[in-house]
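Working through the structure, step by step
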Amino acid sequence: MSRVLDTFLDLVRIPSPTGREAGVAAYVADALREAGCAVRVDDTREATGADTGNVIADLPGSLGGGTIALSAHMDCVQPCEGVEPVVSGGVVRSAGETVLGGDDKVGLAAIIEAVRRLAEQGGEHRPLKLLLTVSEEAGLLGAKALAPADAAAALCLVLDADGPVGGIVVGAPSHHTFTATFTGRAAHAGVEPEKGISAITMAADAISRMRLGRIDPHSTANIGSINGGTATNVVAPSCVLTGECRSLDTAFAEAIRADMDAAMADAAAAAGGSVSVEWEHAYPGFTAPADSPEVRLVERSCAAIGVESRTYTTGGGSDANVFAGYGVPTLVLGTGMTNVHSTDECLEVLQLERLADLLVAMARTPE
Ligand SMILES: [Zn+2]
């Protein structure tokens, strides 16, 4: 069995639901330290609520081109405790009761393998910085709490996209979320409905004024939940709506947000009620031009190991959005993980090997 597969199997057997990554952090920190990295755990436990900080490691290198940051997250979505990995026909799966945890332990295993190989092989390579985060699945909490100075690098590659190695995510959206509370006036629905103002009707009117779904090829909006009212015979005095909008175009994301805000304010005003909306910028977006140095580095390294590369954009966010927001040119790379966030999750061993090969090739490429 290959060493990188052994590492991967060790990692998936260590439970690491979001917020309880300490076991995996200890394993990863030991492995990286043994391979020659300077390893520390940052002081973000209070900010994230996790039982460990992010693991940050440096592997010095003398090759030019600047530091390459490699990132993967240490937490997994549930059900992820008691994973029993099964390797058959070159594919790793869980025994069926849990996710596999390849998201994102494939990234952790490939990083450990790459660092080991660089140390064993000797020779020049670029300095590496490893950013191994907690609680990505709960809203990128570890990456958001990380000190921006700790993410400083010439470029950052987040190993967290599904699909085969060679996939390069060159853009991800800016993402805004809201919680809106509509306030009307309660009244008996049968006796004197005229005295009431239905917050549910207001919210429905607001929704009907919004553009939702896919707004353009790179922009979306959605209502996630609606909760309000108490009983059929009461005009509902309160209704809470949650929703979001995203766009690869940062300014357009703001414009959609403003339109949704206006729809809610107009609906409340039309009914004689009120609405208070709390927006949160969940994460900033990023886009990398096709001819940028970071895209070229990945493409050339894929070619060097005989893997076809492909650039594409995504509608989802990851730690990459946060690192890009810190001003570091960032991409997300395909890792081979398949059917993530489900008990059907699986990983081809070949993809795991390729990911490690790719990381080594990139570290060996001066820019
Ligand atoms: Zn992930």
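Here's what I pulled together on the structure shown here. (Residues numbered from 1 in each chain as written. Predicted model: local features only at pLDDT ≥ 70, side-chain atom pairs only at ≥ 80, totals over all residues. Heavy atoms only, no water.)

**Let's talk about the environment of Ala267**
- With respect to the secondary-structure elements, Ala267 resides in helix α7 (residues 250-271).
- Spatially, the C-alpha atoms of Ala267 and Ala204 are 8.5 Å apart, while their sequence positions differ by 63 residues. (Helix = DSSP H or I, 4+ residues; strand = E, 2+ residues; numbered from the N terminus.)

**Some thoughts on the pairing of strand β8 (residues 167-172)**
- Burial runs high along β8: six of the six residues are buried.
- The pairing of β8 with strand β15 (residues 310-313) spans four bridges and is parallel. Bridge pairing links Ile168 to Thr311 in β15.
- Relative to strand β16 (residues 330-334), β8 is paired through two bridges, and the arrangement is antiparallel. Note that in β16 the partner of Val169 across the bridge is Val332.
- For β8 and strand β14 (residues 286-287), the ladder comprises two bridges, and the chain directions are antiparallel. Each residue of the ladder has a partner; that of Gly171, found in β14, is Thr287. (Buried < 20%, exposed > 50% of the residue type's maximum accessible area, 1.4 Å probe, protein only. Pairing = 2+ DSSP bridges.)

**A closer look at the layout of surface pockets**
- A volume near 310 Å³ is recorded for the largest pocket.
- For the lining of the largest pocket, the secondary structure elements donating two or more residues are β7 (155-161) and β8.
- Of the residues assigned to the lining of the largest pocket, the class counts are seven nonpolar, six polar and five charged.
- If you trace the second largest pocket, you find it lined by Glu136, Glu137, Ala138, Gly139, Leu140, Lys144, His175, Arg246, Ala282, Tyr283, Gly316 and Gly317.
- Taken together, the residues that form the lining of the second largest pocket break down as four nonpolar, four polar and four charged.
- Counting only domains with at least three residues in the lining of the second largest pocket, you end up with domain 1 (3-172 + 285-363) and domain 2 (174-283). (1 Å grid on protein atoms, 1.4 Å probe; cavity = no way out; pocket = protein on both sides within 12 Å on 5 of 7 lines; lining within 4 Å. Points joined across faces, edges and corners; volume = space filled by probe spheres on them. Nonpolar A, V, L, I, M, F, W, Y, C, P; charged D, E, K, R; others polar. Domains from an automatic or database assignment.)

**Description of the environment of Ile223**
- Among the secondary structure elements, Ile223 is positioned in strand β11 (residues 219-228).
- For the pair Ile223 and Gly243, spaced 20 residues apart in the sequence, the C-alpha separation amounts to 4.1 Å.
- Excluding its chain neighbours within four sequence positions, the residues that come into contact with Ile223 are Phe178, Ile207, Met210, Leu212, Leu241, Thr242 and Gly243. (Contact = heavy atoms within 4.5 Å.)

**Regarding the sheet that holds strand β10 (residues 213-216)**
- Strand order across the open sheet formed by five strands is β10-β11-β12-β9-β13, with antiparallel pairing between neighbours. What marks the edges here is a single partner per strand, and that holds for β10 and β13 (274-283). With strand direction ignored, the average angle separating the axes of adjacent strands in the sheet is 20°.
- Bridge count between strand β9 (residues 174-183) and strand β12 (residues 238-247): 10 bridges; the pairing is antiparallel. Each residue of the ladder has a partner; that of Ala180, found in β12, is Leu241.
- Running over the sheet, helix α6 (residues 199-208) touches β9, β11, β12 and β13 and is turned about 15° from β12.
- Contacts between α7 and the sheet are confined to β9, β10, β11, β12 and β13, with β12 contributing the most and set at about 160° to the helix. (Axes fitted to C-alpha atoms, helices over the stretch in contact; angles between N-to-C directions.)

**Side note on unusual backbone geometry**
- The amide bond that connects Gln78 to the next residue, Pro79, takes the cis arrangement and shows omega of -5°.
- The peptide bond linking Asp103 to Asp104 adopts the cis configuration, its omega dihedral lying at 20°.
- Position of Asp104 among the secondary structure elements: in helix α4 (residues 102-121).
- Even without being glycine, Ser135 reaches a positive phi, approximately 50°.
- Relative to the helices and strands, Ser135 is located in the loop between β6 (128-133) and α5 (141-145).
- We classify Ser135 as buried; its relative accessible area is 1%.
- Its identity as a non-glycine residue notwithstanding, His341 has a phi of 60°, on the positive side.
- By secondary structure assignment, the location of His341 is in the loop between β17 (337-338) and β18 (346-348).

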